[in-house]
Amino acid sequence: MWGKFVYDEIDAPERLSFVVSFSDENKGVTRHPMSTTWPLEVLSITTFFEIAPGKTALIMSSVPVNASKEERETFAAGKSSMEEGFKGTLDQLDAYLKQLQG
């Protein structure tokens, strides 16, 4: 499984904006391998902000792009699953960064 990220804004160190899609080995946009009604493109925006010296928080948001009503509904229905997936990924990143600090 491949993913395609097309960045439209990189405002270091505060903001990333990109369109993400499932992809094939030739960089073509493809359907979600487990959902034929998942949007082909999703705009994702991540904003980073300092909450204390050396502590950063982030806000992640995403919205389907050029999606049909059915694709938007599928995306909305998957929100809790996406939140769990991102939480797991960020928990792994946190553990890795703590390991580097030793």
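This write-up is about the structure you can find in this document. None of the values given here were measured: they were computed from a predicted structure. Positions within a chain are numbered from 1, following the residues in the order the chain's sequence is written. Reporting of local features is limited, given that this is a predicted model, to residues whose pLDDT is at least 70; pairs of side-chain atoms are given and counted only at 80 or more, and all residues count toward the totals for whole chains, interfaces and linings. To obtain the side-chain values, all non-hydrogen atoms of the structure were used and water was disregarded.

The criterion for strand pairing is that DSSP finds at least two bridges linking the strands in question. Each helix is a run of DSSP H or I of at least 4 residues and each strand a run of E of at least 2, with the numbering of both proceeding from the N terminus. Here strand E1 (residues 2-11) pairs with strand E2 (residues 15-23) via nine bridges, running antiparallel. Considered in E2, the bridge of Ile10 is made with Leu16. From the end of E1 to the start of E2, which pair antiparallel, there are three residues.

This brings us to the pattern of salt bridges. The rule for a salt bridge is simple: a side-chain nitrogen of Lys or Arg has to be within 4 Å of a carboxyl oxygen of Asp or Glu. Considering all chains together, one arrives at six salt bridges under this definition. In this structure, Glu9 engages Arg15 in a salt bridge whose closest nitrogen and oxygen atoms are separated by 2.8 Å. Two residues, Lys79 and Glu83, come together in a salt bridge whose shortest N-O distance is 3.6 Å. With Lys79 and Glu83 both in helix H2 (residues 79-101), this residue pair falls four residues apart, about one helical turn.

Take H2 next. Under the convention used throughout, the expected extent of a helix is 1.5 Å for every residue step, that is, one less than its residue count. The end-to-end C-alpha distance of H2, which contains 23 residues, comes to 33 Å, matching closely the 33 Å that a straight helix rising 1.5 Å per residue would cover. Once H2 ends, the next one or two residues include Gly102, with phi positive near 55 degrees.

Counted as a void, the largest pocket has a volume near 1400 Å³. As for the largest pocket, its lining consists of 43 residues, of which Met60, Met82, Phe86, Thr89 and Leu90 are closest to the centre. The set of elements that each furnish at least two residues to the lining of the largest pocket consists of E1, E2, strand E4 (41-52), strand E5 (55-65) and H2. Under this grouping Gly is polar, as are all residues other than the nonpolar Ala, Val, Leu, Ile, Met, Phe, Trp, Tyr, Cys and Pro and the charged Asp, Glu, Lys and Arg. Broken down by class, the residue content of the lining of the largest pocket amounts to 23 nonpolar, 14 polar and six charged. Of the grid points, spaced at 1 Å and generated over the protein atoms alone, those admitting a 1.4 Å probe that cannot get out make up cavities, while open sets with protein on both sides within 12 Å along at least five of seven lines make up pockets; any residue with an atom within 4 Å of a point is treated as lining. Grid points are joined across faces, edges and corners, and a volume is the space filled by probe spheres set on the points.

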